[in-house]
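So the chains spell out like this:
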Amino acid sequence: MIKAIDNRRSIRKYTSEEIPQEIIEEMIYAATLAPSAKNRQPWKFIVFKGAAKDELVQVMRQGIENEKETHALMPEWAFAIPDAENTVRVMDEAPCLIVVLNTNGKTPFAAIDNEKRIVEICDSLSIGAAIENMILAATEHDLGTLWIANTCFAYNDIVEYLNTEDQLIGIVAVGHSAEAPAKRPRKRMTRIVEYRE
Ligand SMILES: Cc1cc2nc3c(=O)[nH]c(=O)nc-3n(C[C@H](O)[C@H](O)[C@H](O)COP(=O)(O)O)c2cc1C
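So, here's what we can say about the structure. (Residues numbered from 1 in each chain as written. Predicted model: local features only at pLDDT ≥ 70, side-chain atom pairs only at ≥ 80, totals over all residues. Heavy atoms only, no water.)

This brings us to the overall build of the protein chain. Across its full length, the protein chain carries 7 helices and 4 strands. Starting at the N terminus and walking to the C terminus, you meet the elements of the protein chain as α-α-β-α-α-β-α-β-α-β-α. For 197 residues, the compact-globule estimate of 2.2 N^0.38 gives 16 Å, and the C-alpha radius of gyration of the protein chain, at 17 Å, lies within 12% of that figure. By principal-axis analysis of the C-alpha atoms, the protein chain measures approximately 50 × 45 × 30 Å. Relative to its 197 residues, the protein chain shows a buried fraction of 42%. In the protein chain, 84% of the contacts between residues at least 6 apart in sequence involve partners at least 24 apart. When the accessible surface of the protein chain is totalled, it reaches about 11,700 Å², and 52% of it is carbon and sulfur. The centroid of the 23 positive side-chain charges in the protein chain is displaced by 7 Å from the centroid of its 30 negative side-chain charges. (Helix = DSSP H or I, 4+ residues; strand = E, 2+ residues; numbered from the N terminus. Rg over C-alpha atoms; globule rule 2.2 N^0.38 Å. Buried < 20%, exposed > 50% of the residue type's maximum accessible area, 1.4 Å probe, protein only. Contact = heavy atoms within 4.5 Å. Areas by Shrake-Rupley, 256 points an atom, 1.4 Å probe, with all protein chains shown as cover. Lys, Arg positive; Asp, Glu negative; His and termini not counted. Charge placed at Lys NZ, Arg CZ, Asp CG, Glu CD.)

In structure tokens:
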């Protein structure tokens, strides 16, 4: 078993200590080593620190406020808004946020045909593999990370702020952990695996 796979946890409490630039670069290099459908490498990363990071957090906070009033994006997921607000608190605490974009994708809030959906699924899977590599590289340096998809509640505000045509996949928070959570429960093997011979 690769140690980082076993040791990784979602971290929701951070110290304010900065992350060395070499580690951020190593995380992104690790991301680029992920497999990708047709080797499209449909990813882009924007690293936010300092005042720019505070601005991004404020944009997400405001976007969630807007969603709370309008329920324009995720009307059936209103129950999850408190969780998204907690994610903003985590983002505020983390010293570094890495925005992850799909350079081959468009807004998920518009319908697409089946073929485009299959391509989008493949690109999302490729980017998921890249994110996991990035997170494991950080874990290897004893850093904490949080994979964040609650950006969806503030989707339009965030892409407008980023001034991008790309699809926003999510954000990875990274920092020195200020908590050491136990392993979260997993489904039993017998529930998830089936052998056929
Ligand atoms: C695609 C994806 C999106 C996630 N989005 C969030 C999020 O927005 N906020 C959050 O607090 N956790 C988020 N998580 C973390 C999960 O809640 C966490 O991985 C899960 O509860 C298992 O805990 P563990 O990572 O410590 O094993 C996300 C994880 C994944 C893979």
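Here we come to the pattern of salt bridges. By the definition in use, this model includes 7 salt bridges. Across the pair K68 and E65 runs a salt bridge, and its minimum N-O distance is 3.6 Å. With K68 and E65 both in helix α3 (residues 50-70) and 3 residues apart, the pair spans about one turn of that helix. Residues E194 and R196 are paired through a salt bridge, measuring 2.5 Å at the closest nitrogen-oxygen approach. Members of the salt-bridge network, linked through shared partners, are E65, K68 and E85. (Salt bridge = Lys/Arg side-chain N within 4 Å of Asp/Glu carboxyl O.)

What follows covers the pairing of strand β4 (residues 167-175). The buried fraction of β4 amounts to 8 of the 9 residues, a majority that puts the element mostly inside the structure. In the sheet, strand β2 (residues 96-102) pairs with β4 via 7 bridges, with the strands oriented antiparallel. Paired with N102 across the two strands is Q167, which belongs to β4. Bridging between strand β3 (residues 144-148) and β4 involves 5 bridges; their strand directions are antiparallel. Among the inter-strand pairings, W147 is bridged to a residue of β4, identified as V172. (Pairing = 2+ DSSP bridges.)

To describe two helices that pack against each other, one gives the angle between their axes and the distance between the axes. Orientation of α3 relative to helix α6 (residues 155-162), taken along the N-to-C sense of each, is 150°, at an axis distance of 8 Å. Of the possible angle classes, the one that applies to α3 and α6 is roughly antiparallel. As for how α3 packs across α6, the hand of that crossing is right-handed. Touching A52, E55, L56, V59, M60, G63 and N66 of α3 are D157, I158 and Y161, all from α6. Split into classes, the residues belonging to the contact of α3 with α6 amount to 6 nonpolar, 2 polar and 2 charged. (Axes fitted to C-alpha atoms, helices over the stretch in contact; angles between N-to-C directions. Parallel < 35°, antiparallel > 145°, perpendicular 65-115°, else oblique. Left-handed = near helix turned anticlockwise from the far one by under 90°. Nonpolar A, V, L, I, M, F, W, Y, C, P; charged D, E, K, R; others polar.)

Further remarks concern the nonpolar core. Within the largest apolar cluster, 32 residues are counted, with the highest numbers of intra-cluster contacts made by I64, L97, V99, F153, I158 and L168. The set of elements that each furnish at least two residues to this core consists of α3, α4 (81-93), β2, β3, α6 and β4. Ignoring any residue separated from it by four or fewer positions in sequence, one finds I158 in contact with L56, V59, M60, T151 and L168. In terms of nonpolar packing, the next biggest core, distinct from the first, is built from 22 residues, I23, I24, A30 and F45 among them. (Core = buried A, V, L, I, M, F, W, Y, C linked by side-chain atoms within 4.5 Å.)

So, about a nonpolar patch on the surface. Nonpolar side chains collect at one region of the surface, where M189, I192, V193 and Y195 lie side by side and expose about 480 Å² of accessible area between them. Within the fold, Y195 resides in the segment after α7 (189-192). (Patch = residues over 30% accessible without salt bridge, like charges linked within 9 Å, V, L, I, M, F, W, Y side chains within 5 Å.)

Looking now at the packing of helix α2 (residues 21-32) against helix α5 (residues 114-140). Interhelical geometry of α2 versus α5 gives an angle of 145° and a closest axis separation of 7 Å. Crossing of α2 against α5: the hand is right-handed. The residues of α5 that touch α2, namely those facing E26, M27, I28, A30 and A31, are A130, N133, M134, A137 and A138. Considering only residue class, the contact of α2 with α5 consists of 8 nonpolar, 1 polar and 1 charged.

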